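A closer look at the structure
Now for the letters of each chain:
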Number of protein chains: 2
Amino acid sequence: MRVSLKDVAEHAGVSIKTVSNVVNNYQHVTPATRQKVQRAIDTLGYRPNLTARHLRKGRTGIIALAVPELGNPYFAELAGAVIDAAAEHDYTVLLDHTQGRRERELLVAQGFSTRVIDGLILNPLELEAEDLAARTDDAPLVLIGERRYDLPYDHIAIDNIAAARAAVRHLLDLGRRRIAFLGARRDRPSQPAHLRLLGWQAELAASGVAADEALVARVEGWDRADGAAAMAALLDDGQRPDAVFAYNDLVAIGAMRVMAERGLRVPEDVAVVGFDDLTEGRYGMVTLTTVAPDKQAIARLAVESLVGRLSGELAAPGRPRQLQPHFTLLERESTLGRAPR
Amino acid sequence: MRVSLKDVAEHAGVSIKTVSNVVNNYQHVTPATRQKVQRAIDTLGYRPNLTARHLRKGRTGIIALAVPELGNPYFAELAGAVIDAAAEHDYTVLLDHTQGRRERELLVAQGFSTRVIDGLILNPLELEAEDLAARTDDAPLVLIGERRYDLPYDHIAIDNIAAARAAVRHLLDLGRRRIAFLGARRDRPSQPAHLRLLGWQAELAASGVAADEALVARVEGWDRADGAAAMAALLDDGQRPDAVFAYNDLVAIGAMRVMAERGLRVPEDVAVVGFDDLTEGRYGMVTLTTVAPDKQAIARLAVESLVGRLSGELAAPGRPRQLQPHFTLLERESTLGRAPR
DNA sequence: ATGAAAGCGCTAACAC
DNA sequence: GTGTTAGCGCTTTCAT
């Protein structure tokens, strides 16, 4: 924390401004002066104080990313991708996880580390539109994730309804008819997981298959244990689905473990489709068919969106953009072969 | 970015200092004044500019954590724990991942986001002692992870040799004798994975079992795919281990997948022990026996160590501390039952 | 091409 | 109990 511009200036016998010019690679500096200053910088081991620079410039070069849970590999991978994308724009990333708790999400939306960050990428789970509308912090915000709000913020997410429909379509094509949905939450229309549930209903309806509400299993969270509990509850309830569409891969993996314990074969007895394309799904007892969102694209678009707002290119705050990266359905062992007759 | 202390002061008809006193909850302010100022703060929507505060105080309240790879659930979980521990000390966490590449580790060690961070927690993989010794950045540094350096930095890690020995001991107790080690790297004594390999050798030696170098499988990285490749190579080489001790759970999971594909049963034919206690290991084809480091303790100790240095309590930089959190061996299905005779 | 000086928003001495 | 003032280290007019 020692040496400042002033020290270097004195050492080199020039003014502060000149040193600043050298440090910032300003054009009009004579080679001789530049060299002299550079030498002083090297001997003194000067490193610019970014905090001061930030104060002066009004920006910090730091953006924040808040995801529900780093223990979920999907968010961990996404975080990694965001860090890489941010680095390309010379931003560093402050990371927080909200644990899917409303008060933490609120805290983050309200002004995470007030003013040390230039902008925020947030993946809300529990936050309602009014929470976000009441936001007073003026740092630009970009939303990611399944939930949609009618608010003046850019939003990056794949088309969750279409993705869910593709998954259910695949199961229907296999001849499955009793397709369970694992991972619904509450009954609010704005609930998390709502869009995927909607996709499930829509695709069944389009194929003239009755959507049996008894086949919708509710969960507390979306981890492996929740998937296991939901599947167990479904089976204990006497339900006998011939396929499962899970909210995400973790839920699917938990469900598959329960099925294995109870002697149900995947995919023979029950075909399974997950969501997220976790690497883990490629190494389980049975490799997992899954909806694969383009995580790199999500990260890249979120960062570009935010950086665009920050640089003023995309100033108009009244024109939020809805960006939808691609997804693909990756067919693996868990949906191999047609339904038993 | 609008309203500053000055604006509030003018609005409330008091001095800047008084507003500052209120904002910082300074004792000696009359309730009347406090209320008046608070009202001004509320109406104007004032929020302190942390950058300015940081510049003045010489610290930012941000610490950095650099891990090899967020895609590895171990590091993702650890990162989550560090974020939580840091929050308890009013620090936020800037996260970076080095992808286990030396130049990125070097960059981080040299001065990650120069001076925006107060200190750094680093988990090096490829960095050598001289790299770290040549470090010029003066932000306090705390090291975590398997590798050990004789340098003046605190280091937090479980006793990797003892942990590896416990794993091998467990396999020996089961009657296994041809115990492979999956996950060695190069031949440098300081190589990553060295301590666990050393533990493997030591425990075999202590039991009078010959350490067969042909049973040491080398890897490029430590992900599932690397474990799969290593196991395949071992089998292709004609080796027939009756047990596998893997560098970590991901390597173990990759290896188990290959064994399943080749008709080898776990644990009947090959018992498997991993390392890290990933949740994933509890939901695989066979639940995975593993060495479970106390991640919460590692995160807590690393943060406390760093915060201690920052607050000056643990000033003496010449006295690095080696802290060793506990570990436990969690026995699961992958090592159930004795060896076939 | 380089220098002088102001000021980003805040805290900490030191007055009163 | 409250006000004044001087910087923290940097960038940025405006001179020269």
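See the structure above.
Note that this is a predicted model, so its numbers are computed, not measured.

**Some words on the protein's contact with DNA strand C**
Of all residues adjacent to DNA strand C, which total 23 residues, the nearest are Thr18 and Thr33 of chain A together with Leu5, Tyr46 and Arg53 of chain B. Counted by atom, the contact set of DNA strand C within 4 Å of the protein is 70% sugar and phosphate. One of the side-chain N or O atoms of Thr30 of chain A is found 2.6 Å from a phosphate oxygen in DNA strand C. Between Ser20 of chain B and DNA strand C, the recorded distance is 3.2 Å, taken from a side-chain N or O atom to a phosphate oxygen. Among the elements of the structure, α2 (16-23) and α4 (50-57) of chain A together with α2 (16-23) and α4 (50-57) of chain B are those that each provide at least two residues to the surface near DNA strand C. The biggest single contributor to the surface near DNA strand C is α4 of chain B, with four residues.

**Concerning the protein's contact with DNA strand D**
Around DNA strand D, a shell composed of 24 residues is seen, among which Leu5, Tyr46 and Arg56 of chain A together with Thr18 and Thr33 of chain B lie nearest. Of all atoms in DNA strand D that approach within 4 Å of the protein, 67% are sugar or phosphate atoms. Separating a phosphate oxygen of DNA strand D from a side-chain N or O atom of His28 of chain B is a distance of 3.2 Å. A distance of 2.4 Å separates a phosphate oxygen of DNA strand D from a polar side-chain atom of Thr33 of chain B. Mapped by element, the contributors of at least two residues to the surface near DNA strand D are α2 and α4 of chain A together with α2 and α4 of chain B. For the surface near DNA strand D, the leading source of residues is α4 of chain A, giving four residues. Split by residue class, the surface near DNA strand D holds nine nonpolar, nine polar and six charged.

**Points about unusual backbone geometry**
Residues and elements named next belong to chain A. Here Val266 and Pro267 are connected by a cis peptide whose omega angle stands at 10 degrees. Mapping Pro267 onto the fold places it in the loop between α11 (249-261) and β9 (271-275). The phi dihedral of Asn25 falls on the positive side, at around 55 degrees, and the residue is not glycine. Of note, Asn25 is situated in the loop between α2 and α3 (31-44). Not every positive phi belongs to a glycine, and Ala193 is a case in point at roughly 80 degrees. For Ala193, the location among the structural elements is in the loop between β6 (179-184) and α9 (194-206).

**Let's talk about the relation of the copies chain A and chain B**
Note on the copies: chain A fits chain B at an RMSD of 0.2 Å, the axial shift is 0.1 Å, and the rotation between them is 180 degrees. Accordingly, the operation relating the two chain copies is best matched by a two-fold axis. Looking at the interface residues of chain A, 100% of them are also at the interface in chain B, so both copies use one shared face.

**Re the interface of chain A and chain B**
Tallying the contact residues gives 54 residues for chain A and 54 residues for chain B. Summing both partners gives a buried area of about 4500 Å² for chain A against chain B, and 59% of it is carried by carbon and sulfur. Note that Glu333 of chain B is salt-bridged to Arg257 of chain A, the shortest N-O span being 2.8 Å. Here chain A is connected to chain B by 16 residue pairs in polar contact (both at pLDDT 80 or more). Only α4, α5 (73-88), β2 (92-97), α6 (102-111), α10 (224-236) and α11 of chain A provide two or more residues apiece to the side of chain A that touches chain B.

**A closer look at α4 of chain A**
All of the buried residues in α4 of chain A are Leu50, Thr51 and His54 of chain A. For α4 of chain A, the angular spread of the buried residues around the axis is 100 degrees, confining them to a single face. Buried positions along α4 of chain A lie against α4 of chain B. Structurally, the start of α4 of chain A carries an N-cap: the backbone nitrogen of Thr51 of chain A is 2.8 Å from a side-chain oxygen of Asn49 of chain A. Gly58 of chain A sits one or two positions beyond α4 of chain A and adopts a positive phi of about 80 degrees.

Rules of the game
- Residues numbered from 1 in each chain as written.
- Chains lettered and ligands numbered in written order.
- Predicted model: local features only at pLDDT ≥ 70, side-chain atom pairs only at ≥ 80, totals over all residues.
- Heavy atoms only, no water.
- Near = heavy atom within 4 Å.
- Polar contact = N/O pair within 3.5 Å; in protein donor to acceptor, adjacent residues only side chain to side chain.
- Helix = DSSP H or I, 4+ residues; strand = E, 2+ residues; numbered from the N terminus.
- Nonpolar A, V, L, I, M, F, W, Y, C, P; charged D, E, K, R; others polar.
- Least-squares fit on C-alpha atoms with pLDDT ≥ 70 in both.
- Contact = heavy atoms within 4.5 Å.
- Buried area = accessible area lost by both parts, 1.4 Å probe.
- Salt bridge = Lys/Arg side-chain N within 4 Å of Asp/Glu carboxyl O.
- Buried < 20%, exposed > 50% of the residue type's maximum accessible area, 1.4 Å probe, protein only.
- Arc of directions from axis to C-beta.

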